[in-house]
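# Remarks on the overall topology
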Amino acid sequence: MFAAERRQLILEMVRANGAVSLRELARVVQTSEVTVRRDVRALEAEGLLDRRHGGAVLPGGFTRESGFPQKSHLATAEKTAIADLAANFVEEGEAIVVGAGTTTQELARRLARVPGLTVVTNSLLVAQALAHANRVEVVMTGGTLRGSNYALVGSGAEQSLHGLRVSRAFLSGSGLTAERGLSTSNMLSASVDRALVQAAAEVVVLADHTKLGTDTMFQTVPTDLITRLVTDEPPAHDDRAATELQALADQGVQIAVAGGQGSAGAGAGGSGGDAVPARQQRRDVPLPGPRRQVPGAGGQLRSASASMLGEQGPGAERARVADLRRR
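Below you will find a few notes about this structure. Computed from a predicted structure; not experimentally measured. (Residues numbered from 1 in each chain as written. Predicted model: local features only at pLDDT ≥ 70, side-chain atom pairs only at ≥ 80, totals over all residues. Heavy atoms only, no water.)

### A word on the overall build of the protein chain
Short version of the rule: Numbering of helices and strands runs from the N terminus; a helix is a DSSP stretch of H or I covering at least four residues, while a strand is a stretch of E covering at least two. Three labels apply to residues, based on accessible area from a 1.4 Å probe with only protein chains included: buried if under 20% of the type maximum, exposed if over 50%, partly exposed otherwise in between. Working rule for contacts: check all heavy atoms of both residues, and any pair within 4.5 Å makes them a contact. In short, Shrake-Rupley with a 1.4 Å probe defines the accessible areas, and a residue's cover is counted only from the protein chains shown.
A count of helices and strands for the protein chain gives 10 helices and 15 strands. Across the 327 residues that make up the protein chain, the buried fraction comes to 54%. Within the protein chain, residue pairs in contact and separated by at least 24 positions form 70% of the contacts whose partners lie at least 6 positions apart. Surface exposure of the protein chain reaches about 13700 Å², of which carbon and sulfur atoms provide 52%.

Below you can see the structure in the form of structure tokens.
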């Protein structure tokens, strides 16, 4: 492929997806990341895109949201690893909320095996993944269907979440930074995600390394309300993602890295759903003190046939996964 053809393809990928990693670009154009980095630099000089450490984004500093068909083919291996690890933070009998997104859809496929689980979601794709799980109850919000990501949004979706209390929310987004937290490019989606956050005692963000350091228009979860980030191991050359991970950890976010080179024994002292299978690896990141809970959210709730909004049962919640700490 000639340089001009290669750069045109790179530009088309960035325009279609908003943000693309160098690794993904190199895979598609079948060349080295060094060559792709040179192409991206040339396209930036022409004002056609903006460089970021480890990738390229649309010009102007803020990425736009891509449609489901484009997002479903990006970082598929990373999303699978993230979903595998995130599923271990869900216990039998819990009531949780799961937001819209391709990574949360992967998580939902794994939650189908958790007995007694109640999942509240505004995502048709999440509901579809759990539709045939006979031991999982699925509760969908109301709202207006947004076809680009198969999610229910609007006032109907937000009102159906009022008064809801669950143990934790699993959310994805278009970008994640230590400065602004999780963000997305669509105002309606951001508003529903904020309502999902208000219903949960803990917030777990699922984001692959290409989203780290990426900022988009509408903030959904500020950093101080994010309990845990589940992500993948950034490439060795991706300084942006590594820097952002450390900045998030410095602000108290618990970091779980799927496919890392660190010891898998970081969470060995956990119990129940918090235990991490031997196949999973986590990169240890130093963490400060405990997280702050979402205002108004209660402790962990168990699903019941009568209601998801009952009083908290006696006894403390089982020990959570130990904070990852640098060896």
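### Overview of helix H9 (residues 187–198)
Going by this rule: Expected helix span is given by 1.5 Å per residue-to-residue step, counting one fewer step than there are residues. N or O atoms within 3.5 Å of each other form a polar contact, as long as, within protein, one can give a hydrogen and the other can take it, and as long as residues adjacent in sequence are counted only when both atoms are side-chain atoms.
With 12 residues, H9 extends 17 Å between its outermost C-alpha atoms, agreeing within 8% with the 16 Å of an ideal straight helix rising 1.5 Å per residue. Every buried residue of H9 is listed here: Ser189, Ala190, Ser191, Val192, Asp193, Ala195, Leu196 and Val197. At the N-terminal end of H9, a side-chain oxygen is found 3.0 Å from the backbone nitrogen of Leu188, two or three residues along, and the residue is Asn186.

### A few points about the pattern of salt bridges
Under the convention used in this document: Salt bridges are defined as contacts in which a side-chain nitrogen from Lys or Arg sits within 4 Å of a carboxyl oxygen from Asp or Glu.
With the rule as written, the count across this model stands at 11 salt bridges. With a shortest N-O distance of 2.6 Å, Arg27 and Glu24 are connected by a salt bridge. On the criterion of helical spacing, the pair formed by Arg27 and Glu24 is a turn pair, its members being 3 residues apart in helix H2 (residues 22–29). Residue Arg27 is classed as exposed on the basis of its relative accessible area, which comes to 53%. One salt bridge in this structure joins Arg168 and Glu202, with 3.5 Å as the shortest N-O distance. You can see Arg168 sitting in strand S9 (residues 166–171) and its partner Glu202 sitting in strand S12 (residues 200–206), a full 34 residues away along the chain. For Arg168, a relative accessible area of 0% translates into the label buried. By relative accessible area, Glu202 is classed as buried at 14%. Counted as one network, the salt bridges with shared partners bring together Asp84, Glu106, Arg109 and Arg110.

### Some words on unusual backbone geometry
One non-glycine residue with positive phi stands out, namely Gln30, at about 60 degrees. Tracing the sequence through the fold places Gln30 in the loop between H2 and helix H3 (33–45). Phi at Tyr150 takes a positive value of approximately 55 degrees, unusual for a residue other than glycine. Looking at the secondary structure, you find Tyr150 in the loop between strand S7 (144–146) and strand S8 (151–153). By relative accessible area, which is 35% here, Tyr150 ends up partly exposed.

### Quick notes on the nonpolar core
The cut-off we apply is this: For the purposes of this section, nonpolar cores are sets of buried Ala, Val, Leu, Ile, Met, Phe, Trp, Tyr and Cys residues that join through side-chain atoms within 4.5 Å.
Membership of the largest hydrophobic core comes to 34 residues, with the highest contact counts inside it found for Leu176, Val205, Val221, Leu229, Leu248 and Ile255. For Leu248, the contacting residues outside a window of four places in its chain are Leu176, Thr177, Ala178, Leu212, Thr223, Leu229, Val253 and Ile255. Ranked by size, the runner-up nonpolar core spans 25 residues in total, among them Ala87, Ile96, Val98 and Phe170.

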